[in-house]
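Commentary on secondary and tertiary structure
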Amino acid sequence: MDASTQLPPILAEGRNWLVIDKPAGLAVHPGPATPHSLEQLLPGYAPGRPAPQPVHRLDRDTSGCLLLARRHSALRALSAAFAGGEVGKTYWAVVENAPVEEGGIVDAPLLKVSTKQDGWRIVPDDKGKPARTRWRILQRMGERALIEFRPETGRTHQIRVHATMLAPGAVLVGDGVYGRADALGMMLHARALAFPEPGSTERNRAVAPVPARFIELGFGEEGG
């Protein structure tokens, strides 16, 4: 059974929400290039009841924590929490040509551009939307490093583009848009989410296990 048909595992759940471990290769929503998507699988989480709905998005080739809302009121509250910067997002990525520094902040606006030759992509541009990402090295192996990214904004491809600004030639391993594709896939994983309980001051947290493709490259739980 492949990623397009298997129900992703639940990492944590409450009365109003659940967090699943989305596999790489599974799009959240259907499209011309992704006819099979998570949207088709969502009824499996609530047989006989309305299916939960994604509160945010992950790129098709990004794995890890994806928050779903069980009811419309929770969807509105959790969406507002994302928009208001109340959700803590932690990503792990393997970066080629890693920086010599151990950590820092990338503060660079991002703009969506499109050309007939390359299609659309995101580029750093002062005319773009504000984008800010904190990062730190977790583990090094030669010219590669496992890096933790904590985006403070939620722009499209934010981590993928900000990663290219860490050092000359820096790029996520397996990123076919901003670097080059890899047989193991793109090395970007939504490691953890921390978010408020709808209608409460309580906070919830979910953590996704390190995926096999990271471990195959030698980056695993020992990274931090």
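What counts and what doesn't
Residues numbered from 1 in each chain as written. Predicted model: local features only at pLDDT ≥ 70, side-chain atom pairs only at ≥ 80, totals over all residues. Heavy atoms only, no water. Phe/Tyr/Trp six-rings, centres within 6.5 Å; stacked < 30°, edge-to-face > 60°. Helix = DSSP H or I, 4+ residues; strand = E, 2+ residues; numbered from the N terminus. Buried < 20%, exposed > 50% of the residue type's maximum accessible area, 1.4 Å probe, protein only. Expected span 1.5 Å × (residues − 1). Contact = heavy atoms within 4.5 Å. Core = buried A, V, L, I, M, F, W, Y, C linked by side-chain atoms within 4.5 Å. Salt bridge = Lys/Arg side-chain N within 4 Å of Asp/Glu carboxyl O.

Glancing now at the packing of aromatic side chains. On inspection of all chains with the given rule, the structure shows one aromatic pair. Pairing Trp17 with Phe195 gives two aromatic rings, centres 4.9 Å apart and planes at 85°, and the pair type is edge-to-face. Here Trp17, found in strand β2 (residues 17-22), pairs with Phe195, found in strand β12 (residues 188-196); they are 178 residues apart in sequence, far enough to count as distant. Overall, Trp17 belongs to the buried group, its relative accessible area being 5%.

Turning our attention to helix α2 (residues 72-83). Its 12 residues give α2 an end-to-end C-alpha distance of 16 Å, which sits within 8% of 16 Å, the value for a rise of 1.5 Å per residue. For α2, the secondary structure elements touched by its buried residues are β2, β4 (63-69), β5 (88-96) and β12. Looking one or two places after α2, you find Gly85, whose phi comes out positive at around 75°.

Our focus in this paragraph is the nonpolar core. In terms of nonpolar packing, the biggest core is built from 47 residues, with Leu38, Leu67, Ile147, Phe149 and Phe195 touching the most fellow members. Per-element accounting of this core gives the leading share, five residues, to β4. Non-local contacts of Leu38, meaning those with residues more than four positions away in its chain, are made with Pro8, Ile20, Leu26, Ala27, Val28 and Leu66.

A few words on the pattern of salt bridges. Under the definition given, this model contains 12 salt bridges. Between Arg144 and Glu96 there is a salt bridge whose closest N-O contact spans 3.0 Å. Here the residue Arg144 occupies a position in strand β10 (residues 144-151), and Glu96 occupies one in strand β5, the gap between them amounting to 48 residues. On the basis of relative accessibility, which here comes to 22%, the residue Arg144 falls in the partly exposed class. The buried category is assigned to Glu96, whose relative accessible area is 17%. Residue Arg160 is joined to Asp175 by a salt bridge in which the shortest nitrogen-to-oxygen separation is 2.8 Å. Of this pair, Arg160 sits in helix α3 (residues 158-163) while Asp175 sits in the loop between β11 (171-172) and β12, and the two are 15 residues apart along the sequence. Here Arg160 falls in the buried class, since its relative accessible area comes to 7%.

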